Amino acid sequence: MAATPAQVNRVGVAELSIPCDMLVFGGTGDLALHKLLPALYHLHRDGRLHPDMRILALARSKHSRAAFQVLAERHCRAQVARADFDSETWQGFAARLDYFAMDAGHSADFGRLSKHLGHVDERVRLYYLATAPDLFEDIASHLKISGLAGPKARIVLEKPIGHSLASAQAINAAIGAVFDETRVFRIDHYLGKETVQNLMALRFANALFEPIWRAGHIDHIQISVCETLGVENRGAYYDHAGAMRDMVQNHLLQLLCLVAMEAPVRFDAEAVRNEKVKILEALKPITGLDVRDKTVRGQYAAGKIGGQDVPAYYFEKNVDNDSDTETFVAIQAEIDNWRWAGVPFYLRTGKRLAKKSSEILIQFKPVPHRLFGDSEANRLLIRLQPEERISLQLMAKNPGKGMRLEPVELDLNLADAFNKQRRWDAYERLLLDVIEGDSTLFMRRDEVEAAWQWIDPIIQGWHQHYQSPRPYPAGSNGPEQLQRLLERHGRQWME
Ligand code: BG6
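Caption draft 1: Examining the overall build of the protein more closely. Counting its secondary structure elements, the protein contains 14 helices and 19 strands. Since a compact globule built from 495 residues should have a radius of gyration of about 23 Å, the 24 Å found for the protein is in line with a globular shape. Principal-axis analysis of the C-alpha atoms places the extent of the protein at approximately 80 × 55 × 45 Å. The proportion of buried residues among the 495 residues of the protein is 55%. If you take every contact in the protein between residues at least 6 apart in sequence, the share linking residues at least 24 apart comes to 76%. Each charge class in the protein can be summarised by its mean position, and for the 61 positive and 64 negative side chains these summaries are 2 Å apart.

The following block contains the structure:
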């Protein structure tokens, strides 16, 4: 649903007929250099940006435009596949790039910014806030005061929105006082991943699974997002956030919503988000002593990953030496509604684990009557990364005499199915949606707040009951306690 009429350019791709400017606060930060600029470069290369679109990076350091272009080129070259990077395309892209040094906390700098931009009211302005969330409120109000938040302006907020329910509400209120909800894009890059969108296709474009997608047939669901990376250069941010705020509050709960929600009546922003909110509101609160039984908190100790020694979390740059921030979380969640009553959703995420993989496992119940002796229950595995696959484990007869059964897999590799087309990075898809004004894959205000509403008591429970993170060696599968979360119910994590 493009908000503005589209036209078709020479490569046959629909593009906006109105030029826009994207202004990136935090324009020299990790996110801008590693994700946003490479994604914009790809969109430019594919002819998906209006020829007149400009990109303005905003940050405190004093760079000239040329120096910023050099910095941007270095990062884009490193992030973009060699075959997709060539000098001519880069020159064309670099011509869109500009830099403006300012302090987002200083109102006077917004006056200077306004002068720099000039009065080009017909242009759509997209403000991308790739900064710490504590700057969001100030930036929104400074934009308003300096007349930069006109009716065509949109704002993009990076997660996490706030640090708790109260701070998220304050941010949402401050943003809402300047931009109406249709112009606010709260980004969760997991929603831009092809396989995550495929979850909706799998569920709502195939009649096959619907009758069994419920408590009567499903034993439990596992949602795992495991990383081998540590905190890299983000220690200062991460030590205040931890895995719960950095990953669970947003990415994992969004995945849970897509797995558990009812079919929306239409594929549009309101209908999809209405269904997701219902799931978040139906999450059974985990409070008080329950946090001990239903959650596991961990922090990586020194270990080895890919044969390399890696230091303990508390020795990472900009992390407190006695930090008790978690780098690993596992939770047994439950959804109190008709479809899911009694089905546990086990969530886990962590840094410095043995391998990088994001997957969703739907474990079905066993057959009601075992004709052939031992038989494993069916399972559907949806692998989001590194490969995008969907596999259904079925029981089949081993050839030869007798009925000896074994599990076999029906395996669909989505990259192969679509002729190995280049897979878009999540940010490419989401940035294009912002440009086109489509917020279906962005979080609505009530969604973010409902997620915090469930997360806050767990964090409080950890502090009230002194549940400090359990150490786990880097390169392992997480703390020992992780297994107990499932084993006490006779289940096992899928490794
Ligand atoms: C980000 C988190 O949102 O997601 C990072 O802030 C994390 O800590 C990253 O590493 C994981 O994203 P992906 O796409 O690599 O799974």
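Anyway, onward from the coordinates.
Caption draft 2: How the structure looks around the site of the ligand. Taken together, the residues surrounding the ligand are K159, H189, Y190, K193, E227, R234, D246, M247, H251, K351, K356 and Q385. K159 is positioned such that a nitrogen or oxygen atom in its side chain is 2.7 Å from an oxygen atom of the ligand. Take R234: an N or O atom from its side chain is 2.6 Å from an oxygen atom of the ligand. Burial of the ligand by the protein amounts to 83% of the accessible area it has alone, namely 400 Å². Sort the elements by how many residues they give to the shell around the ligand and helix α8 (residues 235-260) lands first, with three residues. For the shell around the ligand, a count of residues per class yields two nonpolar, three polar and seven charged.

Caption draft 3: Molecular detail of the environment of F418. Within the fold, F418 resides in the loop between α11 (414-417) and α12 (426-436). Residue class for F418 comes out partly exposed when judged on its relative accessible area of 43%.

Caption draft 4: Representation of the packing of aromatic side chains. One pass over the full model with this rule turns up 18 aromatic pairs. Taken together through their ring pairs, the aromatic side chains of Y237, Y238, Y300, Y313, F328 and Y472 make up a single cluster. Above the face of the Y190 ring, K193 is positioned so that its terminal group lies 4.7 Å from the ring centre. Between R352 and the ring centre of Y300, over which it is positioned, the NZ or CZ distance is 5.9 Å.

Caption draft 5: How the structure looks around the pattern of salt bridges. Under the defined criterion, the tally for this structure stands at 35 salt bridges. A salt bridge links K159 to D246; the nearest nitrogen and oxygen atoms lie 3.2 Å apart. Of this pair, K159 sits in the loop between β7 (153-158) and α6 (165-176) while D246 is found in helix α8, placing the two residues 87 residues apart along the sequence. Among the residues examined, K159 registers a relative accessible area of 14% and is labelled buried. In this structure, R429 and D433 form a salt bridge, with 3.2 Å as the shortest nitrogen-oxygen distance. Of this pair, R429 and D433 both sit in helix α12, four residues apart, which is roughly one turn of the helix.

Caption draft 6: Spatial organisation of the layout of surface pockets. By volume, the second largest pocket is sized at about 370 Å³. Residue lining of the second largest pocket: 22 residues in total, with F364, K365, P366, V367 and N378 positioned closest to the centre. Among the residues forming the lining of the second largest pocket, the class breakdown is 14 nonpolar, five polar and three charged.

Caption draft 7: Inspection of unusual backbone geometry at higher detail. K159 connects to P160 through a cis peptide bond whose omega is -5°. Within the element layout of this structure, P160 appears in the loop between β7 and α6. A positive phi angle, close to 65°, is found at N318, a residue other than glycine. Locating N318 in the fold gives a position in the loop between β12 (308-310) and β13 (328-334). According to the relative accessible area criterion, N318 is exposed, its value standing at 52%.

Caption draft 8: How the structure looks around the packing of α8 against helix α13 (residues 445-464). Contact geometry for α8 and α13: axes closest at 10 Å, N-to-C directions at 135°. In terms of axis orientation, α8 runs oblique to α13. Regarding α8 and α13, the two cross each other, and that crossing is right-handed. Judged by residue contacts, M244, R245, V248, Q249, L253 and Q254 of α8 engage E447, V448, A451, W452, W454, I455, I458, I459 and W462 from α13.

Caption draft 9: View of helix α9 (residues 269-282). Between the first and last C-alpha of α9 there are 20 Å, a value that for 14 residues agrees with the 20 Å anticipated at 1.5 Å per step. Counting buried residues along α9, 10 of its 14 residues qualify, which places the element largely inside the surrounding structure. Taken together, the buried positions of α9 are occupied by A269, A271, V272, R273, E275, K276, V277, I279, L280 and A282. Contacts from the buried residues of α9 go to α8, β13 and α13.

Caption draft 10: Quick look at the pairing of strand β8 (residues 184-187). The side-chain alternation of β8 yields two buried faces, one formed by V184 and R186 and the other by F185 and I187. As defined by bridge partners, β7 adjoins β8 across four bridges and the pair is classed as parallel. Looking at the pairing, L157 lines up with R186 of β8.

Thresholds, definitions, all that
Residue positions are given per chain, counted from 1 along the sequence in the order it is written. The predicted origin of the model limits local features to residues at a pLDDT of at least 70 and limits the giving and counting of side-chain atom pairs to 80 or more, whereas totals for whole chains, interfaces and linings rest on all residues. Values reported for side chains reflect all heavy atoms of the structure, with hydrogen atoms and water molecules removed beforehand. Numbering of helices and strands runs from the N terminus; a helix is a DSSP stretch of H or I covering at least four residues, while a strand is a stretch of E covering at least two. In this description the radius of gyration comes from C-alpha coordinates, and the expected globular size is given by 2.2 Å times residues to the power 0.38. Burial classes follow relative accessibility: with a 1.4 Å probe on protein chains only, a residue under 20% of its type's maximum area counts as buried, one over 50% as exposed, and anything between as partly exposed. The criterion used for residue contact is that any of the two residues' heavy atoms lie within 4.5 Å. When charges are counted, Lys and Arg contribute as positive and Asp and Glu as negative, whereas His and the chain ends are disregarded. Taken as the charge location is NZ of Lys, CZ of Arg, CG of Asp or CD of Glu. Working definition: residue near molecule or strand if any one of its non-hydrogen atoms lies within 4 Å of it. Each polar contact in these results corresponds to two N or O atoms within 3.5 Å; when the atoms are within protein, one needs to be able to donate a hydrogen and the other to accept it, and residues that are neighboring in sequence are counted only if both atoms are side-chain atoms. Residue-level accessible areas treat just the shown protein chains as cover; the underlying method is Shrake-Rupley with a 1.4 Å probe. Under the scheme applied, nonpolar residues are Ala, Val, Leu, Ile, Met, Phe, Trp, Tyr, Cys and Pro; charged residues are Asp, Glu, Lys and Arg; polar residues are all the others, including Gly. Within 6.5 Å between ring centres, the rings of Phe, Tyr and Trp (the latter by its six-membered ring) count as paired, and their orientation is classed by plane angle as stacked under 30 degrees, edge-to-face over 60, tilted in between. Remark: a charge is flagged as sitting over a ring if the NZ atom of Lys or the CZ atom of Arg is within 6 Å of the ring centre and within 35 degrees of the ring normal. Each reported salt bridge corresponds to a side-chain nitrogen of Lys or Arg within 4 Å of a carboxyl oxygen of Asp or Glu. In this analysis the probe radius is 1.4 Å and the grid spacing 1 Å, with only protein atoms considered; a cavity is a set of points the probe fits into but cannot get out of, a pocket is an open set with protein on both sides within 12 Å along at least five of seven lines, and lining residues have an atom within 4 Å of a point. Grid points are joined across faces, edges and corners, and a volume is the space filled by probe spheres set on the points. Helix axes are fitted only over the stretch in contact, all axes being lines through C-alpha atoms; the angle between N-to-C directions runs from 0 to 180 degrees. Note on angle classes: values under 35 degrees are labelled roughly parallel, values over 145 roughly antiparallel, values of 65 to 115 roughly perpendicular, and the remainder oblique. Here a crossing is taken to be left-handed if its near helix is turned anticlockwise relative to the far helix by less than a right angle, and right-handed if that turn runs clockwise. Take the residue count of a helix, subtract one, and multiply by 1.5 Å to get its expected span. Pairing between two strands requires that DSSP report at least two bridges joining them.

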